[in-house]
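What the coordinates show
These are the residues of each chain, in order.
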Amino acid sequence: MSGANAISQTSSINIAKIIKQSRKIVIKIGSSTLADERGVPNITFMENLARQCKAFIDSGKQIVVVSSGAQISGLATLKEWSRKRDVHYRQALCAIGQVELMDKWRSAFNKFALHIGQLLLTKNDFADAHCSLNIRNTIFTLVDEGIVPIINENDSVAFDEISIGDNDNLSALASVLWSADLLILFSDIDGVYTDNPKTNKDAQLIETVTDIAALRNSITIGEANSFGTGGIETKLAAAALSTSFGIPLLLARGTENALEHLASGNAHGTLFLADEQKLMQDIRRY
């Protein structure tokens, strides 16, 4: 498949239709989306997301949330640690911040009569078959009982050898394990552009991607911002993983009413879809 066919600015696929057809949805919230301009968790955003998740659940969907934000929550709690960059302090901040983060999520979802459950994971958990089965069973049990699982990497114990690396990858791993129908990545960008739209007014939003290799060769890869660990590259890696299992990935800006706007067709994003021909080749190979 050529890059011209694999990447289009005007998608014939309707994002709203994909969301409507998807029953099991994983929603990943990046630190840059969760934090306000001061670097403090945005309570209004969290409550709005909880309200939208409630509406989705009431319509028959199941929701899993992957939430970054432990470190920024820790910094918001212990401001005097803001200049400490040592890894042990950062891990300690995550231990402190994870408590604060989950308390805020609990309050947000409780406003809409929803309970949450926390899962803190490392890469080894997904590499071990027994642990993976336990994770899968826990997620299924929680969502079947109407509980919203909130997943984060266990940053307080993870180190280079076992770190998942970023929550884009974590959300893709969780989506595959749960056999999700759709993965939504909320970030501080509208989607993938041909170039940096902040510096190039002619940059175009790429609405549909089926060939990630062709996409990499046609765009400028930027870096992560000050709040997040990931950038476009980590999102492309997550998309490569999820779509290889037939799970579409939608990258969109995490505004306060983003779920509603995407579901109603009033918001744009970049939709990564599986290359059906390649999937069939992989199936035949096995």
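Quick caveat: nothing in here was measured; it's all calculated off a predicted structure.

Quick word on the overall build of the protein
Helix and strand content of the protein: 13 helices and eleven strands. Burial status across the protein gives 48% buried among its 286 residues. Within the protein, contacts between residues separated by at least 24 positions form 75% of all contacts whose residues are at least 6 apart in sequence. For the protein, the exposed surface amounts to about 13900 Å²; the carbon and sulfur share of it is 50%.

What to know about the pairing of strand β4 (residues 116–121)
With burial as the criterion, only one face of β4 is covered, namely that bearing G117, L119 and L121; the residues I116, Q118 and L120 on the opposite face remain uncovered. Sheet analysis places β4 next to strand β5 (residues 148–153), joined by six bridges and oriented parallel. Among the inter-strand pairings, L120 is bridged to a residue of β5, identified as N152.

Quick notes on the pairing of β5
For β5, the tally of buried residues reaches six of six residues, placing the bulk of the element in the interior. The two faces of β5 match: V148, I150 and N152 on one face and P149, I151 and E153 on the other face are all buried.

Structural notes on the packing of aromatic side chains
On inspection of all chains with the given rule, the structure shows one aromatic pair. Ring centres 5.8 Å apart and planes at 40° place the aromatic pair W105 and F109 in the tilted group. Of the two residues, W105 and F109 both sit in helix α6 (residues 87–110), four residues apart, roughly one turn of that helix. Classification of F109 as buried rests on a relative accessible area of 0%.

Section: the packing of helix α5 (residues 70–77) against α6
The angle between the axes and the distance between the axes are what describe a pair of packed helices. At a minimum axis distance of 6 Å, the contact between α5 and α6 shows a crossing angle of 90°. Compared by their axis directions, α5 and α6 come out roughly perpendicular. Contacts between α5 and α6 involve A70, Q71, S73, G74, L75 and T77 from the first element and R90, L93, C94, I96, G97, Q98, E100 and L101 from the second. Residues that form the contact of α5 with α6 fall into these classes: six nonpolar, six polar and two charged.

What about unusual backbone geometry?
Backbone geometry follows two general trends: most residues other than glycine have a negative phi, and most peptide bonds adopt the trans configuration. Even without a glycine there, the phi angle at A113 is positive, about 60°. Its place among the elements puts A113 in the loop between α6 and β4. Despite not being glycine, S179 shows a phi value in the positive range, around 60°. Residue placement: S179 occurs in the loop between α9 (167–178) and β6 (182–187). The class for S179 is partly exposed, based on a relative accessible area of 37%.

Quick word on α9
In this model, α9 (twelve residues) spans 16 Å end to end at C-alpha, consistent with the 16 Å of a helix rising 1.5 Å per residue. With nine of twelve residues buried, α9 is to be regarded as a mostly interior element. Listed as buried for α9 are N167, D168, L170, S171, A172, A174, S175, L177 and W178. Phi for S179, located one or two positions after α9, is positive at around 60°.

Here we look at the pattern of salt bridges
Using the criterion set out here, one finds ten salt bridges in the structure. Salt bridges linked by common partners bring K28, D168 and K235 together as one network.

Re the environment of L170
Here L170 shows up in helix α9. Residues L170 and E153 lie 17 residues apart in sequence; the distance between their C-alpha atoms is 7.3 Å.

How each quantity is defined
Residues numbered from 1 in each chain as written. Predicted model: local features only at pLDDT ≥ 70, side-chain atom pairs only at ≥ 80, totals over all residues. Heavy atoms only, no water. Helix = DSSP H or I, 4+ residues; strand = E, 2+ residues; numbered from the N terminus. Buried < 20%, exposed > 50% of the residue type's maximum accessible area, 1.4 Å probe, protein only. Contact = heavy atoms within 4.5 Å. Areas by Shrake-Rupley, 256 points an atom, 1.4 Å probe, with all protein chains shown as cover. Pairing = 2+ DSSP bridges. Phe/Tyr/Trp six-rings, centres within 6.5 Å; stacked < 30°, edge-to-face > 60°. Axes fitted to C-alpha atoms, helices over the stretch in contact; angles between N-to-C directions. Parallel < 35°, antiparallel > 145°, perpendicular 65-115°, else oblique. Nonpolar A, V, L, I, M, F, W, Y, C, P; charged D, E, K, R; others polar. Expected span 1.5 Å × (residues − 1). Salt bridge = Lys/Arg side-chain N within 4 Å of Asp/Glu carboxyl O.

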